[in-house]
Amino acid sequence: MDSNELRHRASSFGDVAGAYAEYWPGYPEQAVSWLAGKRPAKVLELGSGTGKLTRSLVALGHDVVATDPSLTMLAQLRLVTPTARPAVARAENIPIAASAVDLVVSAQAFHWFDPERALPEIARVLRPGGTLALVSNLADFKVPWVRKVLSLIGLTDEADEDPLAGSDLFQTRERQVFRHWQDFDRDSLVGYVSSSSYAAVMAPPERDALLAEVGAIYDSYGRGYDGMRMPWMARCYRAGVTGLAASQRQSTGVVDDGLLIDFG
């Protein structure tokens with residue numbers, strides 16, 4: 001998608017925050033432990049949305065500042081994770097002091113960032129030896145009904161590419177995949193699709209037609225009250241910040257006093 005459509009869809013989630021919180025999958029415990037570790041750390045989450053990952057990070061004992069551009073999404077996050085510290089912020093302009101956090105993590109959001117602006121900011125706020133961790137839930141397209149439903153909202157079977165390719169600010173890249181499942185009945189499958197960015201920006205008549213088609217796919221598989229199980233792959237990625245990033249720690253326009261966010 002072009003940059004205008006990307007911005008339009010990225011800003012659409014506030015309109016569907018409640019449905020997103022209800023119908024989108026979280027992340028398995030093993031994946032979160034691999035991403036963040038079990039030793040308590042100062043964690044900055046970017047694009048935290050409704051707190052799908054935040055809740056698991058807090059449960060592991062981490063000190064989490066959860067940021068998102070959408071107040072509506074953060075309102076949902078507060079309901080499920082009241083001990084996290086939410087803040088409105090974007091990855092391209094992080095209001096945190098240099099070298100303040102052990103871990104920067106992002107779930108299902110990195111593709112919305114402008115990497116040329118976001119990566120230097122992420123490197124700046126990480127302490128020497130700190131880690132950037134990313135995770136995305138990707139569906140198993142080998143399952144016919146999954147392929148049918150997700151193709152309706154423009155999703156395809158994504159190649160496992162290096163999200164930081166070409167960046168010299170991060171090194172020691174590691175990958176891991178954790179399988180998990182989500183149960184859907186007819187209403188929750190339609191709700192999941194309705195809260196995608198693809199559907200959220202559609203005009204009401206087109207969106208209604210899309211959701212009717214999703215319901216028809218569910219009905220055609222004849223599962224009724226038994227429902228369906230969506231097979232997810234939590235694709236996880238970690239990379240350590242390099243020494244080169246130290247030279248950029250004070251190079252942005254963010255001032256280190258009077259900060260909006262302070263880990264203490």
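Structure: see above.
Calculation criteria
- Here the residue numbering is sequential within each chain, running from 1 through the sequence in written order.
- Two thresholds apply to this predicted model, a pLDDT of at least 70 for residue-level local features and 80 or more for giving and counting side-chain atom pairs, whereas whole-chain, interface and lining totals are computed over all residues.
- Side-chain metrics in this entry use all non-hydrogen atoms of the structure; hydrogen atoms and water are not considered.
- What counts as an axis is a line fitted to C-alpha atoms, over the stretch in contact for a helix, and the angles between N-to-C directions run from 0 to 180 degrees.
- Here a strand is any run of E in DSSP of at least two residues, a helix any run of H or I of at least four, and the numbering for each starts at the N terminus.
- Should the near helix be turned counterclockwise from the far one by less than a right angle, the crossing is left-handed, whereas a clockwise turn marks it as right-handed.
- Any two residues whose heavy atoms approach within 4.5 Å are treated as being in contact.
- Here the term charged refers only to Asp, Glu, Lys and Arg, the term nonpolar to Ala, Val, Leu, Ile, Met, Phe, Trp, Tyr, Cys and Pro, and the term polar to all other amino acids, Gly among them.
- DSSP-based pairing: two strands are paired if at least 2 bridges between them are found.
- With a 1.4 Å probe rolled over the protein chains alone, any residue whose accessible area is under 20% of its type maximum counts as buried; one over 50% counts as exposed, and the rest are partly exposed.
- Charge counting treats Lys and Arg as positive and Asp and Glu as negative, with His and both chain ends excluded.
- Here a salt bridge means any side-chain nitrogen of Lys or Arg lying within 4 Å of a carboxyl oxygen belonging to Asp or Glu.
- The definition of a polar contact used here is a pair of N or O atoms within 3.5 Å, where within protein one atom must be able to donate a hydrogen and the other to accept one, and adjacent residues in sequence count solely through side-chain atom pairs.
- This arc is built from the directions going out from the helix axis to the C-beta atoms.
- Pairing of aromatic rings covers Phe, Tyr and Trp, the last counted by its six-membered ring, and requires centre-to-centre distances within 6.5 Å; plane angles under 30 degrees mean stacked, over 60 mean edge-to-face, and any other angle means tilted.
- In this scheme, the term charge over a ring applies when either NZ of a lysine or CZ of an arginine sits within 6 Å of the ring centre and within 35 degrees of the ring normal.

Undergrad: Can you help me understand the packing of helix 8 (residues 186–194) against helix 10 (residues 204–220) in this one?
TA: To describe two helices that pack against each other, one gives the angle between their axes and the distance between the axes. Look at helix 8 against helix 10: their axes get within 9 Å of each other, and the N-to-C directions meet at 145 degrees. Crossing angle aside, the handedness with which helix 8 passes helix 10 is right-handed. Within the contact between the two elements, helix 8 uses Arg186, Leu189, Val190, Val193 and Ser194 and helix 10 uses Leu210, Leu211, Val214, Gly215, Ala216, Tyr218 and Asp219. Looking at the contact of helix 8 with helix 10 residue by residue, the classes come out as eight nonpolar, two polar and two charged.

Undergrad: Help me out: how do you make sense of the sheet that holds strand 5 (residues 126–139) in this one?
TA: By way of backbone hydrogen bonds, the strands of a sheet pair with one another, either parallel or antiparallel. Sheet architecture is open: seven strands sit in the order 3-2-1-4-5-7-6, paired in mixed fashion. Only two strands of the sheet have a single partner each, and these edge strands are strand 3 (85–88) and strand 6 (170–184). Strand-to-strand twist across the sheet, computed as the mean angle between neighbouring axes with direction ignored, equals 20 degrees. Summarising the sheet, strand 6 and strand 7 (residues 228–241) pair through 13 bridges and their orientation is antiparallel.

Undergrad: Which parts of the structure should I look at to understand the side chain of Lys52?
TA: Inspection of the secondary structure puts Lys52 in the loop between strand 1 (42–46) and helix 4 (54–59). Buried charge without a partner: Lys52 forms no salt bridge, and the closest opposite charge is Glu22, 9.1 Å away. Among the polar contacts listed, one links the side chain of Lys52 to the backbone oxygen of Trp24, at a separation of 2.6 Å. Residues within four places of Lys52 in sequence aside, it is in contact with Tyr20, Ala21, Glu22, Trp24, Pro25, Gly26 and Tyr27.

Undergrad: Can you help me understand helix 5 (residues 71–80) in this one?
TA: Note on helix geometry: an α-helix contains 3.6 residues per turn, so any two residues three or four positions apart are oriented the same way. Listed as buried for helix 5 are Met73, Leu74 and Leu77. For helix 5, the arc enclosing every buried residue in end-on projection is 95 degrees, short of the 170-degree limit, so these residues lie on one face. The exposed set on the far side of helix 5, more than 90 degrees from its buried face, consists of Leu71 and Leu79. Where helix 5 is buried, its residues touch helix 2 (17–23), helix 4, strand 2 (63–68) and strand 3.

Undergrad: Would you mind showing me how to read the pattern of salt bridges here?
TA: A pair can form between side chains of opposite charge whenever their charged atoms are brought close. Considering all chains together, one arrives at ten salt bridges under this definition. Sharing partners across several salt bridges, the network here consists of Lys42, Asp63 and Arg85.

Undergrad: Would you mind going over unusual backbone geometry with me for this structure?
TA: Leave glycine aside and you will find that most residues have negative phi; peptide bonds, for their part, are mostly trans. Even without being a glycine, Ser99 presents a positive backbone phi close to 55 degrees. Turning to its location among the elements, Ser99 is positioned in the loop between strand 3 and strand 4 (101–107). Residue Ser99 is classed as partly exposed on the basis of its relative accessible area of 24%. Positive phi outside glycine occurs at Gln108, with the angle close to 60 degrees. Positionally, Gln108 belongs in the loop between strand 4 and helix 6 (115–125). By relative accessible area, which is 18% here, Gln108 ends up buried.

Undergrad: What is the right way to read the environment of Thr72 from this model?
TA: In this fold, Thr72 is placed in helix 5. In the structure, Thr72 is positioned 23 residues away from Gly49 in sequence and 8.8 Å away in space, judged by C-alpha atoms.

Undergrad: Is there a simple way to explain the packing of aromatic side chains in this structure?
TA: We describe a pair of aromatic rings using the distance from one ring centre to the other and the angle between the two ring planes. The full count for this structure, using the stated rule, is five aromatic pairs. Judged by centre distance (5.7 Å) and plane angle (75 degrees), the ring pair of Phe110 and Phe113 falls under edge-to-face. Taking the relative accessible area as the measure of exposure, Phe113 reaches 13% and is therefore buried. Ring centres of Phe184 and Tyr192 lie 5.6 Å apart, and the angle between their planes is 55 degrees; this geometry places the pair in the tilted category. Judged by its relative accessible area of 1%, Tyr192 falls in the buried class. Aromatic ring contacts, followed pair by pair, group Tyr20, Trp24, Phe184, Tyr192 and Trp232 into a single cluster. For the cation-ring pair, Arg238 lies above Trp34, with the distance from its terminal atom to the ring centre recorded as 3.8 Å.

The values are spatial; any link to function lies outside them.
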